[in-house]
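# Observations on the model geometry
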Amino acid sequence: MPEPVLELAEVNVFYGAVHALRGVSLRVNEGEVVSLIGGNGAGKTTTLATICGLLRPRSGLVTYRGADVRRTPTHVLVGQGLVMAPEGRGIFPNLTVEENLRLGAYTRRDKPAIAADLKRGFELFPRLAERRRQKGGTLSGGEQQMLSIARALMGRPKVLLLDEPSLGLAPLVTQAIFATIDQINKEGVTILLVEQNANIALKHSHRAYVLETGEVQFNGASTELRNDPRVKAAYLGEG
Amino acid sequence: MPRTLALLLAGVVACYGLNWFLSEFIEVVYVDYVNLIGLAIILAVGLNVVNGLTGQFSIGHAGFMAVGAFVGAMASILFTYGEIAAGPLAFAGLGSFLFCLLLSGLAAGALGVLVGAPALRLRGDYLAIATLGFGEITRILLTAQDSLGGPTGLKRIPKMPLLPGTETWDGGTSVFWIYLFVFLVVGLAVRLQRSTFGRAMIAIRENELAAETMGVPSARLKVVAFVFGAFFAGIAGALYAHYQHSVRPDDFTSVRSIEVIVMLVLGGLGSVTGAIAGAVVVTLLPQLLRPLEEAMGIDGLSMVVYALLLIVMMVFRPQGIFGQRELSLKLLRGLIPGRRGGKTP
């Protein structure tokens, strides 16, 4: 069995009295794309927030590269290569595209490498290069999503957490974004992906977890889940 | 580094020149306005880092100013008249004055950490209320201190020290000292804004959660911004105390905090240029309106016009005079008709 780079074991998270995650266990192996699918309020975003230290679990373990990270602050985890592109893209609207990207490299001090990564980001998303000096808030939804991913990549992630990259995007734009996600993974970045669009998420991931009201319902290889009648009925809008 | 040093030297020379010019050619009444504007700029540019850049709405700025004023004044009095005046600390007036200023800045800055670390966990309205409370508590505590003169405050605060060649200046050297710190705070604020830290502060303002996920330690940076503002508010307080020769706790009511906020909002929250413009306008406007009041014979008219101007401003230009822009050659070029300056799309 391959080594998990990220692992959750029996994690329970509460918002006040609301039991948001009920004993969630999942693992992400080096080099994988794992997707986390489920409807509204299933706990997908909560799971990501817990992983990157924005929320503290009441019980259970969160390990990243073998270390317990339940009490590690977000900004420290970013420095260790666990980077999230937040839900709703989280663009800084009054900063330019380039300034947004440079903030992604906030924890880094290696100037030449940052410049190289900036160039790399513009190659990955040529649209961003065109809009380099434009303010983030003036970009279209798709461009903002590109910026969000490119910005997260500026932190040189080992594990990239993506929260709903397809949110509010046209199908063609979603296709393009997911093609880039495949490419990023091929270059060696492990990805944990949260999606409501189960169809596309299962197409572009190796394994998947299905979350429902804070609990993992099924998990397995994405190709298998796509043919699972229960998943088909509930999430793929078939049969 | 040598560039910074040269710039600093140029600043000192410019402040000296400004002081010389004003005391030679301008009436003392108007020099007073210039000084009040300078103090307002130090306050506004400092607070702009907190409210404008980092987006944390603090309305307790007068509290830090008060602490700086009383610490600086008390230290200065002790050095000049007190028992330690004869002791080893009785160094030259210039050194002790600078030491007192530094002390007041540090005291206010330290208080900034103490207040900021817990208060900056609050957001929006709650932070505003907490900082407002801090300002009022500070003032009331100062009023109750008999050792600091109680409600009547401190008197006989020494004058700002003279410089070589300034013996004949009847206005003294207050312009030099005040504008030296104007120069410092503006220089630091501009440099901060262009730095990675400054960009991270803007990121906190725009989207704190996203900033966190970029690895920005938002809690720490917010406290840094707060301390920056507090430090310079403390210095402004000490300069104010030395300038007025006396200081009372009631010089630092919440009205003064709000005045600084009006400067920021009027000038354009988040812009250093805006903060300076706001400081000039808010300080001068009531003075300029006074002749109008006298001519028409209606008392209090200037405050009515002043308030009306603010309302008109908020209706027609809610982003302030400068918005978030800075005064630059680009912006000036853009104002020349027939020529497109600034950003090309």
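See the structure shown above.
A few words now on the interface of chain B and chain A. On the side of chain A, 21 residues touch chain B, which itself brings 17 residues to the contact. The set of elements that each furnish at least two residues to the side of chain B that touches chain A consists of helix H7 (196-206) and helix H8 (208-213) of chain B. For the side of chain B that touches chain A, the element with the highest residue contribution is H7(B), accounting for six residues. For the side of chain B that touches chain A, a count of residues per class yields eight nonpolar, five polar and four charged.

Time to look at the environment of Arg205(B). Residues and elements named next belong to chain B. In this structure, Arg205 sits in helix H7. Residue Arg205 is classed as buried on the basis of its 21 C-beta neighbours within 10 Å. Setting aside residues no more than four positions away along its own chain, Arg205 makes contact with Leu53, Thr54 and Gly55.

To continue, consider the pairing of strand S2 (residues 18-29) of chain A. Residue and element names in this part refer to chain A. Here strand S1 (residues 4-15) pairs with S2 via eight bridges, running antiparallel. Among the inter-strand pairings, Leu6 is bridged to a residue of S2, identified as Val28. Linking S1 back to S2 in an antiparallel pair, the connection comprises two residues, with Gly16 at a positive phi of about 60°.

Most of helix H3 (residues 97-104) of chain A is tucked away, with six of its eight residues classed as buried. For H3(A), every residue scored as buried is listed here: Val97(A), Asn100(A), Leu101(A), Arg102(A), Leu103(A) and Gly104(A). On the buried face of H3(A), the contacting elements are helix H4 (111-124), helix H5 (126-130) and helix H6 (141-153) of chain A together with H7 of chain B.

What counts as what
Residues numbered from 1 in each chain as written. Chains lettered and ligands numbered in written order. Predicted model: local features only at pLDDT ≥ 70, side-chain atom pairs only at ≥ 80, totals over all residues. Contact = placed C-beta atoms within 7 Å. Helix = DSSP H or I, 4+ residues; strand = E, 2+ residues; numbered from the N terminus. Nonpolar A, V, L, I, M, F, W, Y, C, P; charged D, E, K, R; others polar. Buried ≥ 20, exposed ≤ 12 C-beta atoms within 10 Å, placed from the backbone. Pairing = 2+ DSSP bridges.

So, to be careful, I would describe these as geometric facts and stop short of saying anything about function.
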